[in-house]
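Spelled out, the chains give:
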Amino acid sequence: MPNENARQIAPSEPQADELDTSADEAEYAAANAELEQSQQAIDRGFAEYMAQNMPPEVEELFFAEDKTQFFLEVERLKEDFVNEKLTPTVSKIVGLEGRINDKKQKRMLRDVEREFLTAHPDADVKAIYEYLENDVSPRDQARIKSMSRLDGLNEVYKLMNRGESKGGELPERIEGDYNDSVSTGYDDSDLPTSRY
């Protein structure tokens with residue numbers, strides 16, 4: 001019996017929102033702090049690295065009369081060192097930033113769709129998007145896409161319902177014969193088929 005109660009309670013518990021960005025934002029802040037610390041420590045770290053790992057050919061350049069090549073080589077080595085130390089953190093930051101923006105965009109869209117469905121519970125949002133893509137003229141699509149998401153959904157919903165109400169109707173039937181209603185200005189004997 002206790003197991004049945006547990007099963008009844010479980011569905012009502014709130015589920016984690018996959019579009020929640022708080023964990024990503026905390027990781028993003030930590031990665032930015034790490035990057036800032038790395039940038040501050042980079043000069044000292046590079047100096048220590050070079051003191052222990054300077055290639056012999058670079059050391060020889062130091063004793064050359066023209067030291068330009070030595071400094072160019074040191075700058076190249078420093079750039080490689082910086083890239084090796086910072087690139088993983090920068091890549092992580094860029095990835096997190098993209099993920100956070102994507103989740104925020106999807107959450108905003110979900111919230112707009114929920115608001116729309118509150119006003120129109122019978123609507124099918126997927127069908128509305130399909131209708132917009134396949135049945136709305138490019139000019140109207142551009143106009144709708146310039147609106148806010150909610151206004152755009154409402155506009156497509158109106159267009160869709162207007163189209164459905166007209167779609168089942170046939171044009172008004174006109175009684176009579178073509179010759180009775182239209183004066184052609186000539187009789188049947190003028191037709192090429194009547195000449196032979």
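Quick look at the structure, then. Since this is a predicted model, take the numbers as computed values, not measurements.

## Concerning the nonpolar core
Inference 1: Phe116, Ile128, Tyr131, Ile144 and Val156 are the most contacted members of the largest nonpolar core, which has 14 residues in total.
Inference 2: Contributing elements (two or more residues each) for this core: α4 (68–119), α5 (125–135) and α7 (149–167).
Inference 3: Sort the elements by how many residues they give to this core and α7 lands first, with five residues.
Inference 4: Excluding anything up to four places from it in sequence, isoleucine 128 contacts Phe116, Ala123, Leu153, Val156, Tyr157 and Met160.
Inference 5: Counting twelve residues, the second largest nonpolar core, distinct from the first, contains Phe46, Met50, Leu77 and Phe81.

## A few points about the pattern of salt bridges
Inference 1: Under the defined criterion, the tally for this structure stands at twelve salt bridges.
Inference 2: Two residues, arginine 110 and aspartate 17, come together in a salt bridge whose shortest N-O distance is 3.0 Å. In this pair, arginine 110 is assigned in helix α4 and aspartate 17 in the loop between α1 (2–9) and α2 (22–53), connecting sequence segments 93 residues apart.
Inference 3: We classify aspartate 17 as partly exposed; its relative accessible area is 32%.
Inference 4: Taking the shortest distance from any N to any O, the salt bridge between glutamate 27 and lysine 92 comes out at 3.9 Å.

## Brief notes about the packing of α2 against α4
Inference 1: Packing of α2 against α4 leaves a shortest axis separation of 10 Å and a crossing angle of 180°. Considering the angle they form, α2 stands roughly antiparallel to α4.
Inference 2: When grouped by side-chain class, the residues that make up the contact of α2 with α4 number 16 nonpolar, five polar and twelve charged.

## So, the packing of aromatic side chains
Inference 1: Taken as a whole and assessed by the stated rule, the structure comprises six aromatic pairs.
Inference 2: Between tyrosine 49 and phenylalanine 81, the ring centres sit 5.2 Å apart and the planes meet at 35°, which makes this aromatic pair tilted. Remark: phenylalanine 81 occurs in helix α4 and tyrosine 49 occurs in helix α2; sequence separation between them is 32 residues.
Inference 3: Overall, the relative accessible area of 9% leaves phenylalanine 81 in the buried class.
Inference 4: Measuring from ring centre to ring centre gives 5.6 Å for phenylalanine 116 and tyrosine 157, while their planes differ by 85°; the resulting arrangement is edge-to-face. Residue phenylalanine 116 is located in helix α4, and its partner tyrosine 157 is located in helix α7; the two are separated by 41 residues in the primary sequence.

Cut-off values and rules
- Residues numbered from 1 in each chain as written.
- Predicted model: local features only at pLDDT ≥ 70, side-chain atom pairs only at ≥ 80, totals over all residues.
- Heavy atoms only, no water.
- Core = buried A, V, L, I, M, F, W, Y, C linked by side-chain atoms within 4.5 Å.
- Buried < 20%, exposed > 50% of the residue type's maximum accessible area, 1.4 Å probe, protein only.
- Helix = DSSP H or I, 4+ residues; strand = E, 2+ residues; numbered from the N terminus.
- Contact = heavy atoms within 4.5 Å.
- Salt bridge = Lys/Arg side-chain N within 4 Å of Asp/Glu carboxyl O.
- Axes fitted to C-alpha atoms, helices over the stretch in contact; angles between N-to-C directions.
- Parallel < 35°, antiparallel > 145°, perpendicular 65-115°, else oblique.
- Nonpolar A, V, L, I, M, F, W, Y, C, P; charged D, E, K, R; others polar.
- Phe/Tyr/Trp six-rings, centres within 6.5 Å; stacked < 30°, edge-to-face > 60°.

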